[in-house]
Amino acid sequence: METTTVLGRLRGAQKTAKGVSLYSRYVNRPAGRVFAAAAYRIGMTPNQVTLTSAAFTFTALACVALVRPGPGMAVLVYLGLAVGFALDSADGQLARLTGRGGPDGEWLDHVVDCAKMILVHTVVLIAFHRYFALPGDGWLLLPLGFLFVAVLTFCAGLLREQLGKAAAHGAAAAPGPAAPPSRLRAVALLPADYGVFCLVFLLLGDETAFRTGYAVLAAVHALFLVLFLGKWFRELKALRAH
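Keep in mind the model is a prediction, meaning the values are calculated, not measured.

**Digging into the packing of aromatic side chains**
The final tally for this structure, using the stated rule, is 15 aromatic pairs. With 5.1 Å between their ring centres and 50 degrees between their planes, Phe 146 and Tyr 214 make a pair best called tilted. Of this pair, Phe 146 sits in helix α6 (residues 141-170) while Tyr 214 sits in helix α9 (residues 207-241), and the two are 68 residues apart along the sequence. An identical accessibility class is assigned to Phe 146 and Tyr 214; each is buried. Grouping aromatic residues by their ring pairs yields a cluster made of Tyr 23, Phe 85, Phe 128, Phe 132, Phe 146, Tyr 194, Phe 197, Phe 201, Phe 210 and Tyr 214. Above the face of the Tyr 194 ring, Lys 116 is positioned so that its terminal group lies 4.4 Å from the ring centre. When the ring centre of Trp 139 is taken as origin, the NZ or CZ atom of Arg 211, which lies over that ring, is 4.7 Å away.

Okay, here's the thing in structure tokens:
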């Protein structure tokens, strides 16, 4: 199958854009589509793409913990994280294209996502301790707080998705037509997008800039967590009422 044909089929097999930020919709998913087409051409399975994504991501994160920060290293770390994120989109696209997706692939994808989420803040904590001239030891609590927010958001969001599916399967009434994705919401979700978060690692060459950018993102993610928890609770409560 020609690459252009594969790309066309992948475009028609995309997930809904609802609840997706502009970065994921216009940068990460298209990049993942290219990677998925390339993986299809060379005969990779979705699980192999997932493991390749993990290799890029975990190598970049290891550099944060083990290599003294600098401008060149910052660019390499960002590229590793960005490519890993695009491949994280590619595995699902390849699974939908080939029909080779399954519970094992979904499980593996979630395991890698969970490991990535934990490690990304753990290595920042290690880098703070090993390489940064911090104004005070209190800064070491920042990655721990960010990690707490990330884990709680991930777990609560996953539970919301699974409980929502279970409630929908048990409902007698058919769901109504899906509302079109909101561009305003896509813009508002940008600060919470993992791809946007990865951009902060471009600042690793400047300790103050990185600490500031990381702290701002931590505060924004904490705010989003509060908003998400309220939204998800109301949605699940509404499902119970039906």
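Back to the text.
**Some remarks on the nonpolar core**
With 31 residues, the main nonpolar core has Leu 81, Phe 197, Phe 201, Leu 204 and Phe 210 as its most contacted residues. Of all the secondary structure elements, the ones that give two or more residues to this core are α3 (46-66), α4 (71-98), α5 (103-131), α8 (194-198) and α9. Among the elements that take part in this core, α4 stands out by supplying 7 residues, more than any other. Look past the residues within four positions of Phe 210 in its chain and what remains in contact with it is Val 124, Phe 128, Phe 132, Val 200, Phe 201, Leu 203 and Leu 204. Judged by nonpolar contacts, the second largest core, of 7 residues, contains Ala 36, Ala 39, Ala 90 and Leu 97.

The rules behind each value
Residues numbered from 1 in each chain as written. Predicted model: local features only at pLDDT ≥ 70, side-chain atom pairs only at ≥ 80, totals over all residues. Heavy atoms only, no water. Phe/Tyr/Trp six-rings, centres within 6.5 Å; stacked < 30°, edge-to-face > 60°. Helix = DSSP H or I, 4+ residues; strand = E, 2+ residues; numbered from the N terminus. Buried < 20%, exposed > 50% of the residue type's maximum accessible area, 1.4 Å probe, protein only. Lys NZ or Arg CZ within 6 Å of the ring centre and 35° of its normal. Core = buried A, V, L, I, M, F, W, Y, C linked by side-chain atoms within 4.5 Å. Contact = heavy atoms within 4.5 Å.

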